[in-house]
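# Overview (structure and organization)
So the chains spell out like this:
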Amino acid sequence: MSINLSTIFLEDLMNRAYKYLSDNGAEDIAIKGLRTYRVILRFYNNSLATVKSYDDSVMHIYVGANKRRTLTAINVIEEEKITEQLNKVLRSIGELPEYNDYTPLPDKAVDYKEPLGIFDSKSLDINKAVDKLEASINSALDNKVKRVAGTLVLSGVKTVLKTSGGRNGEFKKTIISFNMRGFKEKDISYQMSAISTKLDAIPFKKIGEELGLALSNLNNVKIITPGKYNVIISPIVSANLLGWHMRFASAYTVDTGISPFTGKLDEKVVSDKLTLIDDPTMKGNPAATPFDDEGTPTVKTVVVENGVLKTYLHNTTTAKKYNVESTGHAGIIAPSAHSLIVGKGDFSSLEELAKEVSNGILITNVWYTRFQNYRLGEFSTLQRDIGIYIENGEFKSGFKGARLSDNIINIFQRTRGLTKKRYWIKWWDTPFPSYTPYIAIENVNITTGF
Amino acid sequence: MIDAEDHSRLVIDRALESDADFVEFRYHKRIQENIVLRNGIVEGVNSNISEGVGIRILLDGALVFTSTNILTEKGLTEAVDRAIKMAKASKKLFINSINFSEYESFEVEYIVAEQNKWYNRDLSDKISFLKGIDKNLVNGEYKVKFPARVFSLNWLLEEKIIYNSEGTFIKSQIPRTWLFYLLSGINKGELAQKFNTVGGAGGLENIENLHFEDEVLDTAKSIDYLLNKGISSPTGKMDIVVGNEVAGIIAHESVGHPFEADMILGREAAQAGESYMEPEKIGEQIGSSEVYVSDDPTIPGSGGYYLYDDEGVKARKRELIVEGVINEFLHNKETASHLGVESNGAARALSYDREPIVRMANTFFEPGDYTLDELIEDIEHGIYIKTFMEWNIDDTRLNQRYTGLEAYLIEKGSIKRPVKNPVIEISTYDFLAKLDARGRDLKFYWGTCGKGDPTQPMPVWLGGPHLRFRNINIRRR
């Protein structure tokens, strides 16, 4: 069965909703329709736990009038219910106070460049996906991994946008994400993550082999001794931690007063070795989109260039407030990043980076990043999966129990180096698709509860 | 309202005719509204409606879930056919067959009433309520300024109709109303931040009954006091007393999650993690004889309230730890079957497009007999950690950390000056062994618990009385 993601029905609902709002006093209208087809294969103990499949449509609607604004999401299909919900929205408009920073939606039609090669209906084939997953699990087990757990997600999404500014567009894409966590013993585990727009682009068998390789020499794990360490973080960890930098770069977060980047434009915030980019126009980016929720065309945005904070992420409302142009990151209320791309480093391999660090630790995965204070960037995050000691530039024995407890901005001021090679990452505890390298950071405070 | 009975019959019959061994139909509607006030400015209103049907089938040991928002004969038929196709295509990878435990089927309807209905009160009234709190913060007699103030007043009405091929029929309607707030205080360049949520099942009566405004203003007062009078936290081994909010997070993170049977069995291994707990440990001592932790979805007005779970199993209080002994885990029908017990009704699904999985409802340390004064009176040198901000725990739920926000020095049995950022960083076994007394003042807080893939942020309560722990190693940030 070929999945073509037809939105004829959804677009009809969008047109009717648009007309109803327009006829009833709405001045600014943006409707984003999404048709999502998704299959999730979830497995543990080397066996499927469940297969989930969705085929859903939803309209995300922004309405502005008389300098007031409201949002609604509607997935019902009966006209009477849709009208009832739209009336609620229109009534709210009448009761809201004026929003001082109200900004009309951008106007003048745009001819969007649809990203090429990001929709592949064959990637949504359940039979093919089952075979690929089976090969990956078997490959891990053949390489002496005792048990594996993870998720393979096949998503096909069609996005249709219609705005009162005449910004109408549509595009389709597939997103395939795969995570597999392998266990040698209860305390000896390792996780691999990959994301692409094509099922065939994910090296399922190799992921199983690499899991086996990563775990092969690890037998005993010790509890880490608290202290300051030179740390190499894996691409998964880079995506988790630097994902927070992109969240803090949202002009909404800055404006709220809870970002460490408040007042830091054009200042050096992290090491000059770090460049942080969002580029939804980049070939192969699973977060590719030609427009944001207001219909602003997306572009490459360099947020941090050689350590210097160059811009916040803007929609038209925050852009007007900061007297700049929108960067194409609406969220109509709060702008947010589409993706994170970390500029490539100088080190040819992880092994070379380890030689540079000489003595320290490798953190392969983290989770549960939390803050004592967002504005200050005081955070901690927990090691998940195996950590490995680095001695005289070589990877040695494993450890567990590490908590990185430091300042999320300051630690990246102490960046020692990055690998050239980067990996597309997206898993349960990273905020968006990220293209990240291994990064060496000096003098990170490590604690433990053990 | 859809004709759920006809639709369910269509779905169940079609799936059974296609070789399904078990079929479950869940109509699930969510109507939501929230109003955000940010730094004194009304951001707008967000008002959402979603409805659809989630279908689960068991076919020859394969468990498949599908959902659709196209509530027509065609939409539902396609969803069933997709489920059957998925089950047959993936069957070979269900190496371990999925089974459900036996349970009693019910035909029940229940409704939680909103005494003060969300839509009976004008939007302008709700905005005035938020603005009133904000005004009290800006104009209050604080030495601290609060440059970042975010409030979100939220309402959610859930309607569910569950049918299955074994005769279950559960229809429910539960409203919930809650307030999220974030405050960041600054004094002489020094900052402190706190966010929290208060609320529960019910309507706008929660504003008064659960003291939404007092909760925010008490937090503001504590930040003011902390930033003006706070001293560096002592470190080293000492006795501590923790407040209701801290007791709640410990109950949730260190006991509730690791007692979820799907975590124990490894089903969340690649997402929310596994557990230090093992099935054969039932009956073993895990903490001092003062440790009593329960989870109870049937508490009226609670954030995690329900009477029948999303598999139709009758809910009841679950006594997880009794007198320090591991008593029972949280189960849905799948995990119960795996471990040879009956489900205790812990299956919850966020919305029509999510599968029901094992979740907490309202998790808490049971209260004891002590007053706060009695808990503190024999502590020579220690600290009282009333609230927390930063927290985390490893993915087997052993290596945890709670960093205090409102915290005080205890000297010679009395509460003294506030202390800044005391850190409890300890293993679960050590922590539970050191609990030696419980207050009598059970109090709950709203939490949004994350688990599942796609994630299912679920409303829960977490709570407890004041708790006293002996000889805890305290660090500071």
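Residue numbering note: each chain is counted from 1, following its sequence as written. All chains are assigned letters beginning with A, and all ligands numbers beginning with 1, in the order in which they are written. Totals for whole chains, interfaces and linings use every residue, but because this is a predicted model, local features are given only for residues with pLDDT of at least 70 and side-chain atom pairs only at 80 or more, for both listing and counting. To get the side-chain values, all heavy atoms of the structure are used, and hydrogens and water are removed first.

## Concerning the sheet that holds strand β12 (residues 340-342) of chain A
All names here are of chain A. When DSSP finds two or more bridges between a pair of strands, those strands are recorded as paired. Counting from the N terminus, the helices are DSSP H or I runs at least four residues long and the strands are E runs at least two residues long. One open sheet accounts for six strands, arranged β11-β10-β9-β12-β21-β20; its pairing is mixed. The open sheet terminates on both sides in strands that have one partner only, identified here as β11 (308-309) and β20 (423-425). Where strand β9 (residues 276-278) meets strand β10 (residues 301-305), three bridges bridge the pair, whose relative direction is antiparallel. Bridge pairing in β10 places L276 opposite V304.

## Quick look at the side chain of R348 of chain B
Residue and element names in this part refer to chain B. Topologically, R348 is positioned in strand β13 (residues 347-348). Buried means the residue's accessible area, taken with a 1.4 Å probe over protein chains only, is under 20% of the maximum for its type, while exposed means over 50%, and partly exposed covers the values in between. The sign given to each residue is positive for Lys and Arg and negative for Asp and Glu; His and the chain ends receive no count. Throughout this description, the term salt bridge denotes a Lys or Arg side-chain nitrogen within 4 Å of a carboxyl oxygen of Asp or Glu. Buried charged residue R348 carries no salt bridge. Nearest counter-charge: D310, at 5.9 Å. Between N or O atoms, a polar contact is any pair within 3.5 Å; within protein, one atom must be a potential hydrogen donor and the other a potential acceptor, and residues adjacent in sequence are included only when both atoms are from side chains. A polar side-chain atom of R348 sits 3.0 Å from the main-chain carbonyl oxygen of P459.

## A short note on the pairing of strand β21 (residues 422-427) of chain B
Residues and elements named next belong to chain B. In terms of burial, β21 is largely enclosed, as six of its six residues are buried. Every second residue of β21 is oriented toward a common face, with P422, I424 and I426 on one face and V423, E425 and S427 on the other, all of them buried. Pairing geometry for β21 and strand β25 (residues 467-476), over three bridges, is antiparallel. Paired with I424 across the two strands is I474, which belongs to β25.

## A word on the packing of aromatic side chains
The rule is short: rings of Phe, Tyr and Trp, with Trp giving its six-membered ring, pair when the centres are within 6.5 Å, and they are stacked under 30 degrees, edge-to-face over 60, tilted in between. Taken as a whole, this structure holds 38 aromatic pairs over all chains when the rule is applied. Ring centres of Y54 of chain A and F65 of chain B lie 6.2 Å apart, and the angle between their planes is 65°; on these two criteria the pair is classed as edge-to-face. Of the two residues, Y54 of chain A is situated in strand β2 (residues 47-65) and F65 of chain B in strand β3 (residues 62-68); the pairing between them involves two chains. In this structure, Y54 of chain A and F65 of chain B share a single accessibility class: buried. Feature note: the residues W244, F248, F371, Y374 and F379 of chain A together with F180 and F195 of chain B constitute an aromatic cluster, connected by ring pairs. For a lysine, the NZ atom is tested; for an arginine, the CZ atom; a charge sits over a ring if that atom is within 6 Å of the ring centre and within 35 degrees of the ring normal. When the ring centre of Y99 of chain A is taken as reference, the NZ or CZ atom of R69 of chain A above it lies at 3.8 Å. Its guanidinium or amino end placed over the ring of W391 of chain B, R370 of chain A lies 4.9 Å from that ring's centre, counting from NZ or CZ.

## Describing the domain arrangement of chain A
Residues and elements named next belong to chain A. Domain assignment breaks chain A into domain 1 (8-214) and domain 2 (220-447). Only heavy atoms matter for contacts: two residues are in contact if any of them lie within 4.5 Å across the pair. The interface of domain 1 with domain 2 comprises 38 residues on the first partner and 34 residues on the second. As a working definition, buried area equals the accessible area (1.4 Å probe) given up by two parts on being put together, with both sides summed. Between domain 1 and domain 2 the total buried area reaches about 3,000 Å² when both faces are included, carbon and sulfur atoms providing 61% of it. Taken as a group, T103, Q191 and I195 account for 18% of the area that domain 1 buries against domain 2, more than any other trio of residues on that side. Here domain 1 is connected to domain 2 by four salt bridges. Where domain 1 packs against domain 2, one counts 14 residue pairs in polar contact (both at pLDDT 80 or more). No other element matches strand β6 (residues 188-196), which puts eight residues into the side of domain 1 that touches domain 2. Just so you know, the domain bounds were taken from an automatic or database domain assignment.

## Overview of the interface of chain A and chain B
Across the contact, 82 residues belong to chain A and 94 residues belong to chain B. Roughly 7,700 Å² of surface becomes buried between chain A and chain B when both sides are summed, with 49% attributable to carbon and sulfur atoms. At the boundary of chain A and chain B, one finds 11 salt bridges. Among the salt bridges present, the one from R69 of chain A reaches E43 of chain B, with a minimum N-O distance of 2.9 Å. Among the elements that take part in the side of chain A that touches chain B, β2 of chain A stands out by supplying 11 residues, more than any other. Residue composition of the side of chain A that touches chain B, by class: 36 nonpolar, 25 polar and 21 charged. Polarity classes work like this: nonpolar for Ala, Val, Leu, Ile, Met, Phe, Trp, Tyr, Cys and Pro, charged for Asp, Glu, Lys and Arg, and polar for all others, with Gly in that last group.

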